[in-house]
Every structure is written in C-alpha cells, then in structure tokens.
Amino acid sequence: MDIHFIHVKSPHENALPLIMTHGWPGSVVELIDSVGPLTDPTAHGGSAEDAFHLVLPSLPGYGFSGEPVEIGWDLDRTARAWAELMRRLGYTRYVAQGGDVGAGVTDVMGRQGPEGLIGIHTNLLVPALGGTMPTDSDEERAAAAQIATFSQSGNGYFVEMATRPQTIGYALLDSPAALAAWMVDHDTDAYYKIAHAFVDGQPSGNLTRDHILDNITLYWLTGTGASAARSYWEAYGADAPAAGVQPLPPPTIPFGFTTFPGEIWRTPRSWVEASYPNVIYFHEVDKGGHFAAWEEPDLFASEARAAFRSLR
C-alpha cells in the first residue's frame, strides 16, 4: 500500500512530532490551514515552545494514498501503519491527533500503545458511539439525546457505506454532482454551514466555498469515492473482517479532548473520564464543529498546543 503524506518540519528547535489524521468526507485539505499555526506558532500568536513537526497522511483509499486491493485495511491496521510511518521518519517520541474517522485511528493508536507514542488528542469521543455512556446528569442526557437523533435521522451515509459501499460507490465514481451531494450532507451543523458558504457567501470560519470544492475535487480526480466508502465497511461493517474481533484494551497513555459546540454531540467531561483512564486535558470551546481544524484552524491549533503542552 502506498501511503501519501504531507511532512512539514517546524523551523523551531525541539518541536514535538505530531501525526494528524483526517476523516470522511474530509481529506488532508481540511488540515492544511492548521499547518502554519502548528509548525510556526510564533507567527500566529504562540510561542516557539509549542511548535510541532507535522505528518499528515491520507487514509488508505483516500486522496493520493493507494486504493487497497485486499481486505483488512481497518482502523487497527491503519493505526499500525501510522506507527510504522513515524518510525521510518525517525521519530522516536511523538503524539497523535484526529477527528471523525481520524479520531478512530488515533483512539486505536492509543490502545495499541506503539513505541514512541506519548499522548493522543481527539475532538470526537469514539467510545460514546458504543452507547454505554452514563446518563445521570442533564449534560449527559442531552449528549445521549443528540446521539440518538443522529442515529435516527443523520447517519444514512454511515449505514450505506458500512453495508453497501460498492452500491453507493458506483454513483460516486460516475457523477461529480452525485459525489458532491453525498459528501456535503454529512451532519446537520456542517450541512447548514456549507449551504451558507454557497448560498449567501457567509462561510463558517474557514469552511469556504473554495475549500469545500477543493476537497470534493480531490476525491473526484483521484477516483476515491468508492474506496473511501469501503473504509467504512472495513471499520464498521457487520460482515467485515474486523467484525467480532476482541476489542483492544483502554489506552493508558495520556489523553486530551476538546469539545467543539457544533459537533454531532457535545461531549461532557464525565464521558471522557469514563472512557480514558489518563485524561490530561479537557476543554470546551465556544465555536467550531465537526470539521474543527477546517472551520477554525487557529483555535484548533491552540487546543492541540494546550493538550500536549505537559508532555514536552
């Protein structure tokens, strides 16, 4: 498998290596505008001590990465590939971050605990999708209700790609309009933000018309609509090779989390602490949503800096 990745080294000494993973229907495009604030924080209101060397890989079957020709490229295998990538780049001490599918990969990396990985941060709480979170407080019940609403009316794309990826895949390879329609309607918050970017020219942060079209074009020109859909079958399909595999143990390495208000559900701190035994950072911010790095790259970068500051 050929893995495409962007490697940006910081101009600052002692920068901390960070591997960040995008999701669907995103790509490395959603992470591009966070590169500057993360690698050169002094030019963006930060300090040199918060700098990162960045590694931004494209998930297998996405963008410029190769399209798997065999089954088995689930979250576990991708996470192991990311650890091998960092090893080959010579990084013996590094951290990882992810949202959406990237949060799944990052979560698994934390559970695998590869040599050199010292901490992870996500902006989507993966264990909450299992439906076993406590609902004792009003905040917890509100989050559970948001997940239930999404499961009832917002995850049609998830079910289709996790069960019949080739069916929708043919449409995504046949028509750029079909591809765009399928990718744009991800969740309610993102849908309306994208609609505003096109209809009245009022984008949410950096979720602009041009950036959205860049992302769709990357899928179209590389012909990866179907292979990206298959990644959901690999990771979540009931009849995929990973189905029924014994779950990995909880991660013991340090974990950080940021709650963005426009996320599919607003994760309470209690859920984070119930999911990870070594929480070193939790923060709720006042703007941004599911595509946090894309919408608010500067805020996203400041959260990554804060989350990993104690590990430097």
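Residue positions are counted from 1 within each chain, in the order its sequence is given. Side-chain atom pairs in this predicted model are given and counted only at pLDDT of 80 or more, local residue features only at pLDDT of at least 70, and totals for whole chains, interfaces and linings cover all residues. The side-chain figures draw on all heavy atoms in the structure; neither hydrogens nor water molecules are used.

> So what exactly am I meant to see when it comes to helix α3 (residues 101–112) here?
Every α-helix winds through 3.6 residues per turn, so residues three or four apart in the chain are directed the same way. Segments assigned H or I by DSSP are reported as helices when at least four residues long, segments assigned E as strands when at least two residues long, and all are numbered from the N terminus. One less than the number of residues in a helix, times 1.5 Å, gives the span that helix is expected to have. The end-to-end C-alpha distance of α3 is 17 Å, a good match for the 16 Å that twelve residues give at a rise of 1.5 Å each. Within α3, eleven of the twelve residues are buried, which leaves the element mostly enclosed by the surrounding structure. Two residues form a contact once any of their heavy atoms are found within 4.5 Å. Looking at the buried side of α3, the elements it contacts are β2 (16–21), α2 (75–88), β4 (94–98), β5 (117–122) and α10 (225–236). Phi turns positive, to about 60 degrees, at G113, one or two residues after α3. Whether a residue is buried, partly exposed or exposed follows from its accessible area with a 1.4 Å probe, protein chains only, as a fraction of its type maximum: under 20%, in between, or over 50%, in that order.

> Looking at this structure, I do not really get the pattern of salt bridges. What am I missing?
Charged atoms that come close allow side chains of opposite charge to pair. Salt bridge, as used here, is a side-chain nitrogen of Lys or Arg placed within 4 Å of a carboxyl oxygen of Asp or Glu. One pass over the structure, following the stated rule, counts 13 salt bridges. R77 serves as the salt-bridge partner of E70, at 3.1 Å between the closest nitrogen and oxygen. Of the residues examined, E70 reaches a relative accessible area of 46% and is grouped as partly exposed. In this structure, D189 engages K193 in a salt bridge whose closest nitrogen and oxygen atoms are separated by 2.8 Å. With D189 and K193 both in helix α8 (residues 188–199) and four residues apart, the pair spans about one turn of that helix. Residue classification places D189 among the partly exposed positions, given a relative accessible area of 24%. On the basis of relative accessibility, which here comes to 14%, the residue K193 falls in the buried class.

> Even after reading the chapter, I still don't get empty space enclosed by the protein, so can you show me in this structure?
Where empty space is left becomes clear once a probe the size of a water molecule has been rolled over the atoms. With a 1 Å grid laid over protein atoms only, a set of points is called a cavity when a 1.4 Å probe fits there but cannot get out and a pocket when it is open yet has protein on both sides within 12 Å along at least five of seven lines; lining residues have an atom within 4 Å of a point. Grid points are joined across faces, edges and corners, and a volume is the space filled by probe spheres set on the points. All chains considered together, the criterion is met by two cavities of 30 Å³ or more. Approximately 100 Å³ is the volume attributed to the largest cavity. For the largest cavity, the lining is made up of 15 residues, of which E30, L31, G99, N123 and H290 are closest to its centre. Counting residues per element, the ones that place at least two in the lining of the largest cavity are β4 and α12 (292–295). The residue classification treats Ala, Val, Leu, Ile, Met, Phe, Trp, Tyr, Cys and Pro as nonpolar and Asp, Glu, Lys and Arg as charged. All others, Gly included, are polar. Its residues assigned to classes, the lining of the largest cavity shows five nonpolar, eight polar and two charged. Reported here for the second largest cavity is a volume of approximately 80 Å³. Lining the second largest cavity we find P25, M183, V184, H186, I194, L207, I212, N215, I216, F291 and W294.

> Explain unusual backbone geometry here, please?
Excluding glycine, residues mostly have negative phi values, and the peptide bonds linking residues are mostly trans. Cis rather than trans, the peptide bond between W24 and P25 has omega equal to 0 degrees. Of note in this structure, N14 is not a glycine but carries a positive phi near 65 degrees. Owing to a relative accessible area of 75%, N14 belongs among the exposed residues under this scheme. One non-glycine residue, D100, adopts positive backbone phi at about 55 degrees.

> Looking at this structure, I do not really get the sheet that holds β4. What am I missing?
Strand pairing in a sheet takes place through backbone hydrogen bonds and is either antiparallel or parallel in direction. Spatially, the seven strands line up as an open sheet ordered β1-β3-β2-β4-β5-β6-β7, and their pairing is mixed. Looking along the sheet, the strands with just one partner apiece sit at the ends: β1 (5–8) and β7 (279–284). Each neighbouring strand pair of the sheet contributes to a mean axis angle of 15 degrees, computed without reference to strand direction. A pair of strands is treated as paired once DSSP finds two or more bridges between them. Relative to β5, β4 is paired through five bridges, and the arrangement is parallel. Each residue of the ladder has a partner; that of A96, found in β5, is I120. Interaxial angles span 0 to 180 degrees and are taken between N-to-C directions of axes, which are lines fitted to C-alpha atoms, for helices over the stretch in contact. Relative to the sheet, α3 contacts β2, β4 and β5, its axis offset from that of β5 by approximately 150 degrees. With respect to the sheet, helix α13 (residues 297–308) is in contact with β2, β3 (52–57), β4, β5, β6 (255–259) and β7, its orientation differing from that of β7 by roughly 155 degrees.

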